[in-house]
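Fold and contact review
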Amino acid sequence: MTFEQLQYFISIVEHDTFFDAAEDLHISQSALSKQIMRLEKDLDLKLFDRSRRKACLTDAGTAFYPEAVSLYQNYQHMLSRMKPYKSRPDALRIGTLPILTQYGLTHLFRRFENKYPDIPVILEEVEEPDLLQGLSDKRYDMVAARGHMLSGQPYETFLIAEDELSVVLPADHPLALNRCPVTLQDLAEESLILMNPYTSIYQLCMQLFKKENIRPHIVRTARTESILSAVSVKEGISLLPKSNFKIFHYENIALLPLHPAVTLPVVLAMEKGQNSSKNTALFLSFIKIEQSKQEITNL
């Protein structure tokens with residue numbers, strides 16, 4: 001039973017006929033009849049006597065009517081009470097991985113809010129399995145994600161930051177002492193501590209090893225801060241985005257480039273072919289202007 005079906009039932013009773021109720025509800029009479037039949041099936045009751053021209057209630061229908069009215073009125077009252085807690089319809093809803101700090105994106109969003117105070121920005125930080133699902137479910141207008149997560153996906157993307165995969169190892173490790181770029185083959189016999197399997201970084205690493213026909217020796221997986229702590233006490237080495245070292249600082253750790261380089265673009269992603277909202281278009285325009293300013297500053 002749905003509240004929509006309750007609304008339909010009440011409307012029929014108040015209009016005396018299915019035809020008039022359907023007209024008032026702006027649906028076809030057949031669609032209305034089907035919904036009432038589903039309601040009767042769910043209740044295991046016959047609500048209307050269909051042998052007459054008017055919508056005459058059965059005894060069960062007569063008893064059900066005040067209950068239906070009470071339920072529907074309570075439902076409408078609840079919706080009214082919840083309105084103040086809803087996000088404004090013109091809010092810009094953005095889902096993001098927990099990467100805002102390391103790419104300086106927090107300040108970017110704050111500048112946008114300061115420039116456009118009438119546009120609420122709702123930022124929701126989620127882990128990777130929920131991010132694209134939220135975009136698909138239209139919970140977000142856009143998401144901030146790593147570019148390789150979107151390979152083969154029907155999304156439009158806009159580059160907002162760049163990163164690269166780096167080798168993280170103890171400072172006195174032989175590879176660190178050589179101070180040369182490290183290849184995946186160099187890591188074939190090493191004990192590796194990688195990010196958790198649900199992350200796109202872990203999945204990317206496994207793809208890279210598979211491409212090189214390497215079966216990596218993974219001793220465990222963990223979150224970034226735990227990985228760095230483990231590397232600092234020589235439990236193993238890792239592959240992590242270079243930008244992590246902007247926010248995590250550990251002694252006795254060396255960071256070396258991977259050869260050949262593996263870039264990690266960070267993008268804003270939106271559903272392809274969907275008409276962008278006014279606020280989404282305004283935000284993308286703002287990002288482009290900010291990037292142009294930064295380019296001029298770096299000259």
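Everything numeric here is computed off the predicted structure, so don't read it as measured data. (Residues numbered from 1 in each chain as written. Predicted model: local features only at pLDDT ≥ 70, side-chain atom pairs only at ≥ 80, totals over all residues. Heavy atoms only, no water.)

**Let's talk about the layout of surface pockets**
Test applied: Put simply, the grid is 1 Å and covers the protein atoms alone, a cavity is a trapped set of points that fit a 1.4 Å probe, a pocket is an open set with protein on both sides within 12 Å along at least five of seven lines, and lining residues have an atom within 4 Å of a point. Grid points are joined across faces, edges and corners, and a volume is the space filled by probe spheres set on the points. Here a helix means four or more residues in a row that DSSP labels H or I, a strand means two or more in a row labelled E, and each is numbered from the N terminus. Charged means Asp, Glu, Lys or Arg here, nonpolar means Ala, Val, Leu, Ile, Met, Phe, Trp, Tyr, Cys or Pro, and polar covers whatever is left, Gly included.
Each pocket or cavity is described by its volume, and for the largest pocket that value is around 500 Å³. Tyr 103, Ile 160, Ala 161, Gln 291 and Gln 294 are the residues nearest the centre of the largest pocket, which is lined by 22 residues in total. For the lining of the largest pocket, the secondary-structure elements that each account for two or more residues are helix H5 (105-115), strand S6 (155-161) and helix H10 (278-298). The element best represented in the lining of the largest pocket is H10, accounting for seven residues. Taken together, the residues that form the lining of the largest pocket break down as seven nonpolar, six polar and nine charged. When its volume is computed, the second largest pocket comes out at roughly 370 Å³. In terms of lining residues, the second largest pocket is bounded by 20 residues, among which Pro 98, Glu 127, Met 195, Arg 223 and Thr 224 are the most central. Looking at the lining of the second largest pocket residue by residue, the classes come out as 10 nonpolar, five polar and five charged.

**Observations regarding the side chain of Ser 238**
Convention followed: Throughout this description, a polar contact denotes any pair of N or O atoms lying within 3.5 Å of each other; where both atoms belong to protein, one of them has to be capable of donating a hydrogen while the other can accept it, and for residues adjacent in sequence the pair is counted only when both atoms sit in side chains. Should any heavy atoms of two residues lie within 4.5 Å, those residues are counted as being in contact.
By secondary structure assignment, the location of Ser 238 is in strand S10 (residues 238-241). A distance of 2.6 Å separates a polar atom in the side chain of Ser 238 from the backbone oxygen of Ile 193. Sequence-distant contacts of Ser 238, defined by excluding residues within four places in its chain, comprise Ser 166, Val 167, Val 168, Ile 193, Leu 194, Ile 227 and Val 231.

**Regarding helix H4 (residues 59-82)**
Selection criterion: Take the number of residues in a helix, subtract one, and multiply by 1.5 Å to get its expected span. Bend, at a single residue, is the angle you get between axes fitted to the 7 residues ending at that residue and the 7 residues starting at it. In this scheme, a residue with accessible area under 20% of its type's maximum is buried, one over 50% is exposed, and one in between is partly exposed, where area comes from a 1.4 Å probe on protein chains only.
The end-to-end C-alpha distance of H4, which contains 24 residues, comes to 35 Å, matching closely the 34 Å that a straight helix rising 1.5 Å per residue would cover. The largest bend in H4 comes to about 30°, at Tyr 65, with the proline Pro 66 one to four residues further on. Within H4, the full set of buried residues consists of Gly 61, Phe 64, Ala 68, Val 69 and Tyr 72. Here the buried face of H4 lies against helix H1 (3-15), helix H3 (29-43) and strand S2 (56-57).

**Let's talk about a nonpolar patch on the surface**
Quick reminder of the rule: Excluding any residue in a salt bridge, patches collect residues exceeding 30% relative accessible area, merging like charges within 9 Å and nonpolar Val, Leu, Ile, Met, Phe, Trp and Tyr side chains within 5 Å. In this description, accessible areas are obtained by the Shrake-Rupley approach with a 1.4 Å probe, and a residue is regarded as covered only by the protein chains that are shown. By definition, a salt bridge exists where a carboxyl oxygen of Asp or Glu is found within 4 Å of a side-chain nitrogen of Lys or Arg.
Among the surface-exposed residues, Met 78, Leu 79, Met 82 and Tyr 85 lie close enough to one another that they form a single nonpolar patch of about 410 Å² accessible area. Here Met 82 lies in helix H4. Classification of Met 82 as partly exposed rests on a relative accessible area of 38%.

Coordinates in, geometry out; function isn't part of it.
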